Amino acid sequence: MFEMTIFLYLFFFCQHFTMLLLLLYICATKLFGFIFKCIGLKRKTAEEYDKGSIIKNPNVPHNPSLYKKPFVESFEETPLMVAVLTYMGYGILTIFGYLRDFLRQWNIEKRHIARERDEQKDFVPLYQDFENFYNRNLYIRIRDNWNRPVCSVPGPKMDLIERSTPNYNWTFEYTGRVLKDVLNLGSYNYLGFAENKGPCADAAIEATQAYGVGVGSTRCEMGNLDIHEELEQLVARFLGVESSMAFGMGFATNSMNIPALTGKGCLILSDELNHASLVLGARLSSSTIRVFKHNNMQSLEKLLRDAIVHGQPRTHRPWKKILIVVEGIYSMEGSIVRLPEIIALKKHYKAYLYLDEAHSIGALGPNGKGVVDYFGLDPKDVDIMMGTFTKSFGAAGGYIGGKKELIDYLRCHSHSAVYATSMSPPVAQQIITSMKIIMGEDGTTLGADRLRQLHENTTYFRRKLHDMGLIIYGNEDSPVIPMMLYMPAKIGAFGRQMLKKNIGIVGVGFPATPIIESRARFCVSAAHTREMLNTALDAINEVGDLLQLKYSRRERPLPSLGWMSDESLLKD
Amino acid sequence: MNFKNLREYLAWLYYQYLLITGIYVLEPWEKSIFNSILFSVIAMVIYTSYVFVPIHVRLALEFFTRMFGGQPESTMTLMT
Ligand SMILES: Cc1ncc(COP(=O)(O)O)c(C=O)c1O
């Protein structure tokens, strides 16, 4: 009995002690804040932050002379308090996950998910790894924010089918109603070519009438139409390369062509944030893969040096080929690849470069020709230019551009060229028409207008979000704008609150991002008008206050006199 | 944030609590389990503070007086 009391006493003593410390800590921070204010010490300004420790990934270019214009990219560090609270949130949810798993195990609760059959119960468990646990116990709870059926063109505004769930997101039912005119901030519709009318749609209809929709054979056999040849010549001209080749699917372009290019005894140096298709391609190629830190040239250079000095493991023979695989715009980070430095490294160490321009083609550069155009470089310096038609062109498929020998080789060695049905004619026509509009070959300035509009929208939207005190990642010219939410519950809450205000957004969490860096990703489009952006910004501002998303510790400009004065500032 | 009345403010605070702890995404019965555990712990802490803190303080005071003030006194008593 006595020990019991002592134990209890100690336990509560510890509790009191921690509470006391917490109180002291709060008082001290308040007091210091007050003292600093009194003696006139300021918080760091944005520039100081950029130089200093608060940026997670400083990435100071060691060769700024390679850039023709300033390269401003920022990744503000997660505030410590937010990180701690986020981990705590995941901790609580994990505990409840275990509780639910326990209830399901003992059949106290109905199971809605796949499970092992009784005959399998002594075998290795199938659904016990972390990803399954996460899906079952965390993702399902906020699943209503994803996979919503869209029932119109996913242009700047779209219609969504309303769903309801009788059992907390395990199953959904359609209510029969439609959410009209939801503002779309999630589609990769950078140049606004996702349309059901206009020149592209008309041309696609004509192509359907001429060729039909299905092709029914591969490029090698009966599926090689004149429209495909035309498309490939146009793409080559657009990119400024010798030759190019188009495929029916962007994902397959990566995952099937990298294995055709490298094999055993080759080395692939891949950015850590590369898209799944690149990762899959690299793995299928059976080459050795080494991963460098995101956009970090020191890391890449070190890997290159090591590769050249040491050669292959064990045998120490030199590598047959070294292929650097990077993306133009990273779709989760909004960062732009440091292409000038990569090209310098690649030339210095005689490696090859594979550049995936899925998000950057059409969206970056004064002529919409991607990162190469953005940095004002020579496309011939990039050995393999890959990109997709899914984003800026409002179509489907992917391309590879490069030297004529490369393309001729791929034509007979790439799986997606030899075994996959060729691109549907209306899709090819959509690409041809939209690409001609971007190049200005249709005799109008519509393409240039769209490019300018996209750039304006990007700058405006990014600056406004930044001024609100939200943490946004990435390069200031990138139309992909990730906004940090951090806490797991806030992904769900943000999606639902925004949809209440008739705005559709994309939330991203683990496994697409590191576990504490959940975010919302906005994709700005040239089709968004200033009013739409302002509606969106007002809503984000309101929801940001409601959910306390304004984490940024940088100094913010004073609140201005409203939209009008800001707009006049922007025009200068 | 501007609030019209105290009720709205409290509702907002509760919402923040839901979001930060993550129990926003839980089902109502799970929420109530979490809340009742948390509140009973807090209540216990408050109750025990009420009971034990005066004792702590008295013991601590006694300890320190014995450390600093008590020593010469005791030697004195020994000597006499
Ligand atoms: C970098 C990158 N590569 C390839 C793809 C795949 O392209 P598609 O959607 O056309 O299959 C994507 C799509 O999101 C991407 O982001």
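Residues numbered from 1 in each chain as written. Chains lettered and ligands numbered in written order. Predicted model: local features only at pLDDT ≥ 70, side-chain atom pairs only at ≥ 80, totals over all residues. Heavy atoms only, no water.

In the annotation of an unreviewed UniProt entry, the entry for chain B reads Serine palmitoyltransferase small subunit B, and the organism field reads Gouania willdenowi. What the UniProt record of chain B gives under Sequence similarities (unreviewed entry) is the line "Belongs to the SPTSS family. SPTSSB subfamily." As its UniProt record puts it under Subcellular location (unreviewed entry), chain B is described as follows: "Endoplasmic reticulum membrane". (UniProt positions renumbered as here; feature names shortened; annotations may be inferred.)

The name an unreviewed UniProt entry assigns to chain A is serine C-palmitoyltransferase, from the organism Gouania willdenowi. The record in UniProt for chain A states the following under Subcellular location (unreviewed entry): "Endoplasmic reticulum membrane".

Some thoughts on unusual backbone geometry
Residue and element names in this part refer to chain A. The amide bond that connects F510 to the next residue, P511, takes the cis arrangement and shows omega of 0°. Positionally, P511 belongs in the loop between β14 (506-508) and β15 (518-523). A positive phi is found at S286, a non-glycine position, where the angle reads about 55°. Tracing the chain through its elements places S286 in the loop between α8 (276-284) and β6 (288-292). With relative accessibility at 40%, the residue S286 sits in the partly exposed group. (Helix = DSSP H or I, 4+ residues; strand = E, 2+ residues; numbered from the N terminus. Buried < 20%, exposed > 50% of the residue type's maximum accessible area, 1.4 Å probe, protein only.)

Quick look at the pattern of salt bridges
For the structure shown, the criterion picks out 30 salt bridges over all chains. Here E62 of chain B ties to R58 of chain B by a salt bridge, and the two come within 3.8 Å at their closest N and O atoms. Highlighted residues: E62 of chain B and R58 of chain B, both in helix α2 (residues 28-79), separated by four residues, approximately one helical turn. Classification of E62 of chain B as partly exposed rests on a relative accessible area of 39%. In the salt-bridge network here, residues are joined through shared partners; they are R100, D101, R104, E109, R136 and R141 of chain A together with E27 and E30 of chain B. (Salt bridge = Lys/Arg side-chain N within 4 Å of Asp/Glu carboxyl O.)

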